[in-house]
Amino acid sequence: MSIHLHWYLPTNGDSRGIVGAGDDSQHISGIGGQFRPATLDYLVDIARSAERLGFEGVLTPTGSWCEDAWLSTMAISQHTERLKFIVAFRPGFISPTLAAHQAASFQRLTEGRLMINIVTGGDPVEQRRYGDRLDHDQRYARSSEFIAAFKGVSHARNSGQPFDFHGEHYQLEQATLLPSPWPVPPVFFGGSSPAAQQVAAAQADTWISWGEPPEQVAPQLETVRALAAAQGRTPSFGIRFHVISRDTEEEAWREAARLLNGITPERIHSAQSLLGRTESIGQKRMSALLENIQAEQVNPENVRLLEVAPHIWSGYALVRGGVGTAIVGSHQQVAEKIQAFHALGIEHFILSGQPHLEEAYWFAEGAGALLRRSGLLHSSHQP
């Protein structure tokens, strides 16, 4: 079981400080003149750097707070050669047949460089912006149908047989696509609730966890693994982390302290108020890592107050929706932490750091190089 390393495209903008993402945390001010807009030129710079540095793919987020993932990645793909794109999108806002059609076109135009990430959605305010009024478990039931229908249409394209699907949320009749030599893209899927884990076990090719301490991740892996085995399936596993990898441990923690220096108690209070409305169990687990931490306690001098496990730092969760943790340490320590998660059965590591351009180099030339020398990286990781 090899390690697959992926990077992140910040399609809502980037900064030398922590930029909010999701649950409206992007609307909280506090990053000042450091902000880098998500222009095509800048995103292409990151993508080309990721490709040059040996990352296998890049994740592009979805939501009203960022650029559309399909359009952005298609534009960026034309400036890269090998890099794959994990395109996130939400079921319920697009038909399975249209999504399968888009995916097939993407595969043709990029010669097979698409992976997809189905995002069910956990912020009720944002869901209603799109006209979605289903509750938490109903959304996951819809996601399960969507993935089944998406795969059914996709696999039928070379069979010569139209595809029918009759579910509660989707009814397809005689769905067809043009034949294609390119494979159906693998489906990445996240979610920490029982409803989400059931969907992952039944439908996902890769289940993604947000970054938590190993002792909290391991039971979730076991649950999904057991649920999938009961259905004769064996999905792979991934995890989502920020990283701060430096030549020495002291340098890494100084960088974490610098990030904290740009965060005020007011910004923390505002962001936490927004994040508190979530229905996402994963988001609630991120917020729980800050339990008993008061905004007024947070400052660069006690940066390690937010270290929830050795070299796992929850500073991002103070002001950012989505994954709120970073692996922090020397290149050797970061590589060893990734190896520890790999030992649990995790193959895909979707990483990020701010600014995403510079941090891609810090990680790839440090911890990434050590992982490459260990022989654990997938054969596609050739800078």
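Sequence order sets the numbering: in each chain, residues are counted from 1 along the sequence as written. Reporting in this predicted model follows two pLDDT cut-offs: at least 70 for local features of residues, and 80 or more for side-chain atom pairs to be given and counted; totals over whole chains, interfaces and linings ignore these cut-offs and use all residues. Neither water nor hydrogens contribute to the side-chain values; these are computed over all heavy atoms in the structure.

Visitor: Would you mind going over helix α2 (residues 69-77) in detail, with residue names and values included?
Guide: Residues separated by three or four positions in an α-helix point in the same direction, a consequence of the helix having 3.6 residues per turn. Listed in full, the buried residues belonging to α2 are A69, W70, S72, T73, I76 and S77. Here the buried residues of α2 occupy an arc of 165° about the axis, which is enough to place them on one side. Where α2 starts, the residue carrying a side-chain oxygen 3.2 Å from the main-chain nitrogen of W70 turns out to be D68. Categorising residues by exposure relies on relative accessible area from a 1.4 Å probe, with only protein chains included: less than 20% of the type maximum marks a residue as buried, more than 50% marks it as exposed, and the intermediate range marks it as partly exposed. Going along the chain from the N terminus, every DSSP run of H or I of four or more residues is numbered as a helix, and every run of E of two or more is numbered as a strand. Of all possible arcs, the one meant is that of the directions from the helix axis to the C-beta atoms. Definition of a polar contact: a pair of N or O atoms within 3.5 Å, with one able to donate and the other able to accept a hydrogen when the atoms are protein atoms, and with sequence-neighbouring residues admitted only if both atoms are side-chain atoms.

Visitor: Could you give me a rundown of the environment of W70, with the residues and numbers involved?
Guide: The topology assignment puts W70 in helix α2. The buried category is assigned to W70, whose relative accessible area is 12%. For the pair W70 and A88, spaced 18 residues apart in sequence, the C-alpha to C-alpha distance is 8.1 Å. With near-sequence residues (within four places) excluded, W70 lies in contact with V87, F89, A99, Q102, A103, F106, L114 and I116. Only heavy atoms matter for contacts: two residues are in contact if any of them lie within 4.5 Å across the pair.

Visitor: Now, about unusual backbone geometry: what can you tell me, with residues and values included?
Guide: The linkage connecting Q354 with the following residue, P355, adopts the cis geometry, with an omega of 0°. If you trace the backbone, P355 turns up in the loop between β13 (348-352) and α12 (356-365). Positive phi, normally seen in glycine, also occurs at Q174, with a value near 55°. In this fold, Q174 is placed in strand β6 (residues 171-175). Judged by its relative accessible area of 52%, Q174 falls in the exposed class.

Visitor: Residue-level account of the packing of helix α5 (residues 136-156) against helix α6 (residues 194-203), with values.
Guide: To get an axis, fit a line to the C-alpha atoms, keeping to the stretch in contact for a helix; angles then go from 0 to 180 degrees between the N-to-C directions. Where α5 contacts α6, the two axes come as close as 9 Å, and the packing angle between them is 10°. In this view, α5 runs roughly parallel relative to α6, as classed from their interaxial angle. Residues H136, D137, Y140, S143, S144, I147, A148 and K151 of α5 pack against A195, A196, V199 and Q203 of α6. Counted by class, the contact of α5 with α6 contains 6 nonpolar, 4 polar and 2 charged residues. Any angle that falls under 35 degrees is termed roughly parallel, while one over 145 is termed roughly antiparallel, one within 65 to 115 roughly perpendicular, and all others oblique. Note on residue categories: nonpolar means Ala, Val, Leu, Ile, Met, Phe, Trp, Tyr, Cys or Pro, charged means Asp, Glu, Lys or Arg, and polar means any other residue, Gly included.

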